[in-house]
Amino acid sequence: MNYSNTDNTAFQYADIRFADIQLLRYRVPEFENLTLTQKLYVYHLSEAALCGRDILWDQNCRHNIDVRHLLEDILLHSGIEHQGAQWQAFLTYIRQVWFANGIHHHYSTDKFTPKFSAQWLEEAYKAIPSPIMDESRVMELIHIITDPTIMPKRVCQNAEDLLLASACNYYAEGIRQVLAEDFYAKKKASAIDANRPVMYGMNSRLELDEEGNLRENTYSTQGLYASHLNRICSHLEKAQEYAENQKQRDIINLLLQFYRTGSLETFDQYTIAWVGETEGNIDFINGFTEVYGDPLGLKASWEGYVNILDKQATRRTEVLSQNAQWFEDNSPVDSRFKKKECKGVTARVVQAAMLGGDLYPSSAIGINLPNSNWVRSVHGSKSVTIGNLTEAYDQAAQGNGFRQEFIRDKETLKMVNKYAHQLDDLHTDLHECLGHGSGQLLPGVDADALGVHGSTIEETRADLFALYYIADQKMYQLGLTPTPDAWHSNYYTYMLNGLMTQLVRIQPGCQIEEAHMRNRALIAHWCLEQSTHWANIFGTIPAMQLVKREDKTELLIHDYPTLRQFIGQLLAEIQRIKSEGDTLAAKHLVEKYGVDIDATLHTEILERYQKLDLAPYKGFINPCYSLQKDPQGNVVDVLISYDESFDSQMLRYGQEYA
Ligand code: ZN
């Protein structure tokens, strides 16, 4: 990526570091190129993106907001000594909670284990002159914070009853999984138009009424989270005045209607309108979007996000989307599972202007929406790669020693340093623009047929599509890769991640649980097994192998073209599983290749990684926007600044958006 008018070296990308977290800053150079009206559009959309913060906090766990109030009250007002090991442990803990939007880790979803004692926390509370919370509630919270057996996991994927075992707040306490599943199965069966089902349950909390019957408490300006949604609506109304075109105004109208009524039919209309708007430079997401936080994959967490088009980089993804049909037609997938007509694939590289809700501080770097299957197949989807975030990652990663440690071969290291960033961006584009949008279900196959393995299989499919095509000579012909072999760098980093380096994110003794990590492990381990298998049969060197040299496990790739053939075979099989809804095959592949970890290798990787002293998780500090007014009070400009610290941003958000 090239920001010709800015000096990257002067910008401080890396910021505070604690526990397993590193905070980064991202720049928004395109903001300076906007007109005042466009800047005001960004400004009000950004306010709307920040106002839903506490919706997410409450969705993640019903105690989260109270815990934050207690912690912030102690931080700002407690007379307890502001030094020593307990205080330092407290600072780490409050930052972890801020970062995770609650008391559970944002990625593993395990509850944090604070390194201060329950007794110290109680003393810290009692040293607040006039505390905002009463003592009995605080005692309860201290118990929740410090007892590891209470609510140990936000999203539990392996238990007899996933709902009872999960601390997330999408289902009232005590609602059993079978009852919830039955409730939504009936809803689905009663759909008016079975070909166009709304996303049942997506915007509500499932509760019990006085008679003990299940009922949905819907998120709306009249229902659950009314005060937050009302504030969001008022910012959206202001934003509407500065929209770039009529379509954007219509989109906001539909979103306002959805927030006011909670109608899922309106939500579908809103997403259809949103998919159709591709002319403006500014776009946003505001609403209940991803379902990773619900063990049943139905209920969506709130997120907000504003972006500005990066015109130069977007040319790259335009080339991909213009050729979407070629990619679909030439994929190794059975023709029954291919889309006859690939439509609506738009692909943009954008710069994040504001991150909120479930996209903050930890953020995705590529987004493909909407999630409704029928809307996607009839109206298409919109994909973005967030270029200024990948830029920040790359800048912060340079020279931190990670690649030198895990890529032992000098030639490979040279290749990766030269091409990895460019090819990784292209991989993300392929995954988001073409991968998720490719293929079709056979008639009558339920989009949710793969159940708990659905997300993993879907991510696997999109990654395989990307891996298959990044190696295609078409990429070079289209001018998207610098050399015919540059894709080797992407295969190497991908396999290295799936087999080894992503394990640094997992605690010793644990399994792989998160969908994207399972997907990478699945692909890499399956290819490794194929490599060994065929090498044994033919008596040749494996295409790919793990070897141990000087006590360090090392990935060697000897034959990239063969590896690509494996990728093509697996893509065909994964697409078949998805298209046919083959639940058993999905379960078999995920459980055989995507879950288990070799304990010896895991220990080695963790030890090597520890020595580098790097943070496995990264997130972002938002820029600040402020209105500049003339003496008459007219807004003459919107200023952007990047100097707020993580702590002060968190405290400010706690004040302004609570
Ligand atoms: Zn994806």
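Remember, it's a predicted structure, so these values are computed and weren't measured experimentally.

Definitions and cut-offs
- Residues numbered from 1 in each chain as written.
- Predicted model: local features only at pLDDT ≥ 70, side-chain atom pairs only at ≥ 80, totals over all residues.
- Heavy atoms only, no water.
- Helix = DSSP H or I, 4+ residues; strand = E, 2+ residues; numbered from the N terminus.
- Rg over C-alpha atoms; globule rule 2.2 N^0.38 Å.
- Buried < 20%, exposed > 50% of the residue type's maximum accessible area, 1.4 Å probe, protein only.
- Contact = heavy atoms within 4.5 Å.
- Areas by Shrake-Rupley, 256 points an atom, 1.4 Å probe, with all protein chains shown as cover.
- Lys, Arg positive; Asp, Glu negative; His and termini not counted.
- Charge placed at Lys NZ, Arg CZ, Asp CG, Glu CD.
- Phe/Tyr/Trp six-rings, centres within 6.5 Å; stacked < 30°, edge-to-face > 60°.
- Lys NZ or Arg CZ within 6 Å of the ring centre and 35° of its normal.
- Core = buried A, V, L, I, M, F, W, Y, C linked by side-chain atoms within 4.5 Å.
- Expected span 1.5 Å × (residues − 1).
- Salt bridge = Lys/Arg side-chain N within 4 Å of Asp/Glu carboxyl O.
- Donors = N, O, S within 2.8 Å, 3.2 Å for Na, K, Ca; no water.
- Pairing = 2+ DSSP bridges.
- Axes fitted to C-alpha atoms, helices over the stretch in contact; angles between N-to-C directions.
- Left-handed = near helix turned anticlockwise from the far one by under 90°.
- Parallel < 35°, antiparallel > 145°, perpendicular 65-115°, else oblique.
- Nonpolar A, V, L, I, M, F, W, Y, C, P; charged D, E, K, R; others polar.
- Patch = residues over 30% accessible without salt bridge, like charges linked within 9 Å, V, L, I, M, F, W, Y side chains within 5 Å.
- pLDDT = per-residue confidence, 0-100.
- Polar contact = N/O pair within 3.5 Å; in protein donor to acceptor, adjacent residues only side chain to side chain.

Draft legend 1. How the structure looks around the overall build of the chain. Secondary structure assignment for the chain yields 25 helices and 14 strands. Whereas a compact globule of 658 residues would reach a radius of gyration of roughly 26 Å, the chain reaches 25 Å, a difference of no more than 12%. For the C-alpha atoms alone, the extent of the chain along its principal axes is close to 75 × 60 × 55 Å. In the chain, buried positions account for 59% of the 658 residues. Partitioning the intrachain contacts of the chain with sequence separation of at least 6 by distance along the chain shows that 73% fall at a separation of at least 24. Here the chain has roughly 27000 Å² of accessible surface; of this, 49% comes from carbon and sulfur atoms. Positive and negative side-chain charges of the chain, numbering 61 and 87 respectively, have mean locations separated by a distance of 3 Å.

Draft legend 2. Layout of the packing of aromatic side chains. Evaluated as defined, the whole model comprises 32 aromatic pairs. Here Lys-382 stacks its cationic end above the ring of Trp-274, 4.3 Å away from the centre of that ring.

Draft legend 3. Molecular detail of the nonpolar core. In this structure, Phe-90, Leu-236, Tyr-259, Phe-288, Tyr-305, Met-495 and Tyr-625 are the most contacted members of the largest nonpolar core, which totals 199 residues. Beyond its immediate sequence surroundings of up to four residues, Met-495 is in contact with Met-500, Ile-523, Ala-524, Cys-527, Met-544, Leu-555, Ile-557, Leu-563 and Ile-567.

Draft legend 4. Structural context of helix α9 (residues 226-241). For α9, with 16 residues, the first-to-last C-alpha span of 23 Å sits near the 22 Å given by 1.5 Å per residue. Of all the residues in α9, the buried ones are Ala-226, His-228, Leu-229, Ile-232, Cys-233, His-235, Leu-236, Ala-239 and Gln-240. Elements in contact with the buried residues of α9: α1 (36-50), α2 (53-60), α10 (246-261), β5 (282-290) and β6 (301-309).

Draft legend 5. Highlighting the pattern of salt bridges. Across all of its chains, the model carries 39 salt bridges by this definition. Here Glu-237 makes a salt bridge to Arg-260, at a shortest N to O gap of 2.5 Å. Placement of the pair is Glu-237 in helix α9 and Arg-260 in helix α10, with a sequence separation of 23 residues. A salt bridge links Glu-644 to Arg-652; its shortest N-O distance comes to 2.7 Å.

Draft legend 6. Fine view of the coordination of the zinc ion. Bound to the zinc ion are the protein donor atoms His-431 (NE2), His-436 (NE2) and Glu-459 (OE), situated 2.1 to 2.2 Å from the metal. Read N to C, the donor residues that coordinate the zinc ion are spaced as H-x4-H-x22-E. Here His-431, found in helix α17 (residues 410-435), pairs with Glu-459, found in helix α18 (residues 454-470); they are 28 residues apart in sequence, far enough to count as distant. Across the pair, exposure class does not vary: His-431 and Glu-459 are buried alike.

Draft legend 7. Just the sheet that holds strand β12 (residues 617-621), in detail. An order of β1-β2-β12 is seen for the three strands of this open sheet, with the pairing classed as mixed. At either margin of the open sheet sits one strand with a lone partner, and together these are β1 (14-18) and β12. Adjacent strand axes in the sheet meet at a mean angle of 25 degrees when their direction is disregarded. Sheet strands touched by helix α25 (residues 646-656): β1, β2 (21-25) and β12. Its angle to β1, the strand with the most contacts, is close to 80 degrees.

Draft legend 8. Structural detail: the packing of helix α4 (residues 85-100) against α25. As a packed pair, α4 and α25 sit with axes 11 Å apart at the nearest point and diverge in direction by 60 degrees. Judged by the sense of rotation from one axis to the other, the crossing of α4 with α25 is left-handed. Judged by residue contacts, Arg-95, Trp-98 and Phe-99 of α4 engage Phe-646, Asp-647, Met-650 and Leu-651 from α25.

Draft legend 9. Up close: the packing of α17 against helix α20 (residues 487-499). Contact pair α17 / α20: the axes reach a minimum separation of 7 Å and the direction vectors enclose 90 degrees. If you check the angle between α17 and α20, you find them roughly perpendicular. Here α17 contributes Thr-412, Met-415, Val-416, Tyr-419, Ala-420, Leu-423, Asp-424 and His-427 to the contact with α20, which in turn contributes Trp-487, His-488, Ser-489, Asn-490, Tyr-492, Thr-493 and Tyr-494. Within the contact of α17 with α20, the residues separate by chemical class into eight nonpolar, six polar and one charged.

Draft legend 10. Structural view of a nonpolar patch on the surface. On the surface, Trp-534, Ile-537 and Phe-538 cluster together to form a nonpolar patch covering roughly 340 Å² of accessible area. On the basis of relative accessible area, Trp-534 is assigned to the partly exposed category, the value being 36%.

Draft legend 11. Region of interest: unusual backbone geometry. For the bond from Tyr-360 to Pro-361, the omega torsion is -5 degrees, close enough to zero to count as cis. Note that Pro-361 resides in the loop between β7 (345-357) and β8 (366-369). Here the amide bond leading from Leu-369 into Pro-370 is cis, since omega sits at 5 degrees, within 30 degrees of zero. Of note, the phi angle at Thr-109 is positive, near 65 degrees, even though the residue is not glycine. Within the secondary structure layout, Thr-109 lies in the loop between α4 and α5 (118-126). Positive phi values are uncommon outside glycine, yet Glu-550 reaches one of about 50 degrees. Along the polypeptide, Glu-550 turns up in the loop between β10 (544-549) and β11 (552-557).

Draft legend 12. How the structure looks around α1. Between its terminal C-alpha atoms α1 stretches 21 Å, which fits the 21 Å expected from 15 residues at 1.5 Å a residue. Here α1 lies mainly inside the structure; 13 of its 15 residues are buried.

Draft legend 13. Focus on the confidence of the model for the chain. Considering every residue of the chain, the mean pLDDT works out to 94; 97% of them sit at 70 or more. Below a pLDDT of 50 lies the segment residues 1-9, which in the model reaches 20 contacts outside its immediate sequence neighbourhood of four places, other chains included.

Draft legend 14. A look at the environment of His-82. Turning to its location among the elements, His-82 is positioned in the loop between α3 (64-77) and α4. Spatially, the C-alpha atoms of His-82 and Ala-124 are 10.0 Å apart, while their sequence positions differ by 42 residues. Separated by 3.4 Å, the side chain of His-82 and the backbone oxygen of Ser-78 make a polar contact.

Draft legend 15. View of the pairing of β12. Counting buried positions along β12 gives four out of five residues, so the element sits mostly inside the fold. When β2 meets β12, the two strands line up parallel, connected through five bridges. Counterpart to Gln-22 in the pairing with β12 is Lys-618.

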